[in-house]
Amino acid sequence: MLLDKISIVLTIGTLRLSKPLVLAPMAGISDLPFRLIAREFGCELAFIEMISARALVYRNRKTKEMLSTLPADRPLGVQLLGNDPRIVPQALENLRPYKFDIIDVNAACPVGKVTTRGEGAGLLKTPQVLHRFLKAVVAHADVPVTVKLRAGWDEYSINAREMALLAQDAGVHGLFIHGRTKVQGYSGSVDYRVIAGVKRALDIPVIASGDALSPQLIKKLFDETGCDGVAIARGALGNPWVFRDTVCFLENGVLPERPCLDELTGVMRRHLSLCIEYYGEHIGTMMFRKLFAWYIKGLSDVRPLKERAFQAKTKDEMVAIMATLTSGRGDSSRGSASLAA
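### Re unusual backbone geometry
Phase 1: Of note, the amide linkage connecting R74 to P75 takes the cis form, showing an omega dihedral of -5°.
Phase 2: Tracing the backbone through its elements, the reader meets P75 in the loop between α3 (61-66) and β6 (76-81).
Phase 3: Its identity as a non-glycine residue notwithstanding, D211 has a phi of 60°, on the positive side.
Phase 4: Along the chain, D211 turns up in the loop between β10 (206-209) and α9 (215-225).
Phase 5: Even without being glycine, D301 reaches a positive phi, approximately 60°.
Phase 6: Here D301 shows up in the loop between α12 (281-295) and α13 (303-309).
Phase 7: Assessed through its relative accessible area of 72%, D301 is described here as exposed.

### So, the pairing of β10
Phase 1: Alternating positions in β10 separate into two faces, V206 and A208 on one and I207 and S209 on the other, with burial throughout.
Phase 2: Sheet topology note: the strand β9 (residues 174-178)/β10 ladder contains four bridges and is parallel. Opposite I177, over in β10, you have A208 as the bridge partner.
Phase 3: The parallel pair β9 and β10, bridged by helix α8 (residues 192-201), forms a crossover whose chirality is right-handed.
Phase 4: As paired elements, β10 and strand β11 (residues 229-232) share three bridges and run parallel to each other. Residue A208 lies in a different strand from β11, and its bridge partner there is V230.
Phase 5: For the crossover that starts at β10, traverses α9 and ends in the parallel β11, the hand is right-handed.

### Concerning helix α4 (residues 88-95)
Phase 1: Buried within α4 are the following residues: V88, A91, L92, N94 and L95. Mapping the buried residues of α4 onto a view down its axis gives an arc of 160°, with all of them on the same face.
Phase 2: Those residues of α4 that are buried lie in contact with α2 (53-57), β6, β7 (102-107) and α6 (127-140).

### With respect to the confidence of the model for the protein chain
Phase 1: Averaged over the protein chain, the pLDDT score is 92; the fraction of residues at 70 or greater is 94%.
Phase 2: Considering only residues more than four positions removed or in separate chains, one finds that residues 330-341, a stretch of pLDDT under 50, has 36 contacts.

Procedures and definitions
Residues numbered from 1 in each chain as written. Predicted model: local features only at pLDDT ≥ 70, side-chain atom pairs only at ≥ 80, totals over all residues. Heavy atoms only, no water. Helix = DSSP H or I, 4+ residues; strand = E, 2+ residues; numbered from the N terminus. Buried < 20%, exposed > 50% of the residue type's maximum accessible area, 1.4 Å probe, protein only. Pairing = 2+ DSSP bridges. Right-handed = clockwise from strand over helix to strand, strands pointing away. Arc of directions from axis to C-beta. Contact = heavy atoms within 4.5 Å. pLDDT = per-residue confidence, 0-100.

Here you go:
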């Protein structure tokens with residue numbers, strides 16, 4: 001079933017998107033250069049990295065750096081980590097000058113140092129704590145508020161539907177749901193039935209998450225859950241084309257051709273330049289090393305290039321390594337590269 005072109009919109013409170021795809025926040029990844037590159041390929045709503053509400057209260061220097069943005073980087077969301085409603089007024093007051101378009105509360109992060117504080121997915125064990133925290137955020141926010149949940153803590157405590165109803169009662173305008181449990185982390189299978197159950201129970205938009213790695217898998221999320229939108233995370237690593245290609249696949253059932261090596265390296269060079277502009281040459285080049293590895297994932301005979309890239313310290317060194325991708329490769333096709341990587 002193809003999605004009707006007119007109906008492919010996503011409305012969350014006062015925020016209206018023309019396409020139902022969102023760039024999810026990823027720790028250490030979702031910086032300004034990464035978001036700007038994704039927007040070149042059709043990403044409308046993006047999120048910065050997850051921010052601690054407590055760090056906002058104390059005006060943490062690193063947190064202030066993570067909040068950096070540009071007019072072209074809109075609409076933009078921020079994801080809050082916390083569980084104490086008492087600090088919400090000050091946290092949101094310190095956030096207000098940055099003029100975010102949406103605030104998401106994280107009740108899904110499975111990292112141990114987060115959950116042991118009763119934050120992130122730890123909130124799945126304390127429904128009333130999450131309810132109170134969400135009510136505080138909704139009461140003090142001047143933009144739409146959403147929450148991100150997981151299926152449950154483990155396979156024996158699948159409580160996403162109940163948690164979602166509590167969140168809706170707290171006044172959130174939309175809900176992100178990852179179809180895995182906290183214990184699963186990012187392994188094992190996504191439970192489409194849990195997401196579908198949450199969608200049927202709610203009157204607010206539901207955005208599905210988990211294994212959104214390719215246009216085909218993203219369409220499967222829509223088809224099997226009835227969700228209103230899909231959040232893309234790992235599927236965008238080294239693959240900003242996933243937004244453009246998914247829209248084409250949803251609307252027309254056609255999967256665009258993979259980018260040729262010239263296009264691939266052109267995007268890589270732009271991404272590298274943005275990293276250097278944002279961080280400076282030394283740090284920007286080092287930050288790009290992992291991005292280089294994701295961009296070339298699926299290409300054949302590139303292990304030596306990857307090893308060289310992880311030693312690069314300057315822009316010229318990295319650009320020279322990129323140039324070898326197209327030299328001597330005949331028709332410059334991307335060969336066996338996988339856009340789902």
